[in-house]
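Coordinate inspection notes
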Amino acid sequence: MKDKFFTNIFGNKKVTKEVIKSEIRINNLDVTVLKKDIKNLHLNVLPPDGRVRVSVPKRLNEDNIRLFVISKLPWIRKHIEHFQSQPRETPREYITGESHYFKGARYILNLIEYDGKHKIEIRNMKYIDFYVKKNMNREQKERIFLRWHRKELEKELLNIFIEWQNIMGVVIKEWRIKRMKTKWGTCNTKAKRIWINLELIKKPVYCIEYIVVHELVHLLENNHNKRFYGYMDKFMPQWKSYKKELNESVLRYYAGI
Ligand SMILES: [Zn+2]
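Residues numbered from 1 in each chain as written. Predicted model: local features only at pLDDT ≥ 70, side-chain atom pairs only at ≥ 80, totals over all residues.

Some details on the confidence of the model for the chain
Heads up, the condition is: Known as pLDDT, the predictor's per-residue confidence is scaled from 0 to 100. Secondary structure elements are defined from DSSP: runs of H or I of at least 4 residues count as helices, runs of E of at least 2 residues count as strands, and each element is numbered from the N terminus. The contact rule is simple: place each C-beta atom from the backbone, and if two of them lie within 7 Å, those residues are in contact.
Per-residue confidence for the chain gives a mean pLDDT of 87, with 88% of residues at or over 70. Averaged pLDDT values for the elements of the chain fall to 45 in strand β1 (residues 11–12) and rise to 98 in helix α5 (residues 226–235). Confidence drops under a pLDDT of 50 for residues 1–16, and excluding neighbours within four residues, the segment shows 36 contacts in the predicted structure. Low pLDDT, under 50, characterises residues 252–257; the stretch is placed with 11 contacts to residues that sit more than four places away or in other chains.

Digging into the pairing of strand β5 (residues 51–57)
So the rule is basically this: Whether two strands pair comes down to DSSP finding at least two bridges between them.
In this sheet, β5 lies alongside strand β3 (residues 29–36) in parallel orientation, the contact comprising 6 bridges. Pairing of V31 across the sheet is with V52, part of β5. The pairing of strand β4 (residues 42–46) with β5 spans 5 bridges and is antiparallel. Within the sheet, the bridge partner assigned to V45 lies in β5 and is V52.

Some thoughts on the sheet that holds β3
Note the cut-off: Lines fitted to C-alpha atoms define the axes, with helix axes restricted to the stretch in contact, and inter-axis angles between N-to-C directions lie between 0 and 180 degrees.
Strand order in this open sheet of 4 strands is β2-β3-β5-β4, and the pairing throughout is mixed. Looking at the sheet topology across the chains shown, the edges are occupied by β2 (20–26) and β4. On average, each strand axis in the sheet is inclined to that of its neighbour by 25°, with strand direction left out of account.

Looking at the environment of N61
To keep things clear, this is the line we draw: Comment: burial labels come from other C-beta atoms within 10 Å of the residue's own C-beta, placed from the backbone, where a count of 20 or more is buried, 12 or fewer is exposed, and between is partly exposed.
Secondary-structure assignment places N61 in the loop between β5 and α1 (62–71). For N61, a count of 8 C-beta atoms within 10 Å puts it in the exposed group. Sequence separation between N61 and K35 is 26 residues, and the spatial gap between their C-alpha atoms is 9.9 Å.

Thoughts on the sheet that holds strand β9 (residues 127–132)
Strand order in the open sheet made by the 4 strands is β6-β7-β9-β8, with mixed pairing throughout. The sheet is open, and its two edges are formed by β6 (99–102) and β8 (119–123), each paired on a single side. Neighbour to neighbour, the strand axes of the sheet diverge by 35° on average, direction disregarded. Relative to strand β7 (residues 105–113), β6 runs antiparallel, the two being bridged by 4 bridges. Of the residues in β7, the one forming a bridge with F102 is A105.

Description of the environment of Q140
By the element assignment, Q140 lies in helix α3 (residues 138–168). In this structure, the C-alpha to C-alpha distance between Q140 and Y94, residues 46 residues apart in sequence, is 10.0 Å.

Below, the structure is given as structure tokens:
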């Protein structure tokens with residue numbers, strides 16, 4: 001889908017002056033309308049479940065917007081179906097035998113109950129040994145597990161941010177790991193601050209790198225335009241295959257976050 005009605009998984013912060021947000025319902029479809037200082041209409045179907053968002057020039061009235069959305073309904077339906085047909089992870093129970101993704105590989109969880117302090121170890125490139133105290137409930141185990149994810153992602157990001165700021169000649173003020181529902185990363189170009197989704201620790205390291213490079217490129221070009229993709233091609237010529245891999249990978253089960 002490479003016309004202007006692209007699906008966009010990245011939440012770059014566009015520093016536009018004023019945005020008026022509203023919701024309209026068209027043929028059983030809830031559509032978020034963003035009125036902005038722009039010339040063209042942009043239609044997006046957003047993961048994880050195919051939310052529809054349309055950005056329009058301020059002068060357009062509701063009838064115009066409806067006509068536009070209706071003319072694109074087949075395209076919208078196709079994209080919603082795409083998201084809904086993607087395999088989704090079910091909530092983890094943290095029990096022995098369960099599979100868990102980590103840095104792009106699938107591991108089998110091995111729960112070991114013991115009296116010591118909890119710890120998590122990878123064994124034989126196949127198992128995640130999860131040592132916990134007896135009678136811990138799912139939430140407690142999840143908290144420990146996510147803390148481990150965060151630590152591991154932090155280690156990767158420390159190196160990636162240092163390396164890519166050097167390569168690209170840009171400097172950021174701060175980066176943080178966040179739990180986000182629909183974005184792999186965001187960049188606040190004014191504050192020079194980048195947020196990275198905790199979920200990325202499940203993906204291969206080159207996918208984590210790709211998101212970092214994407215967000216760093218926003219310091220050179222705010223919008224997803226030709227110039228932006230020119231930088232992507234220059235710094236990371238294989239970026240398209242990484243993007244494809246991320247888009248096709250298993251989506252997290254988002255309930256309750
Ligand atoms: Zn972006």
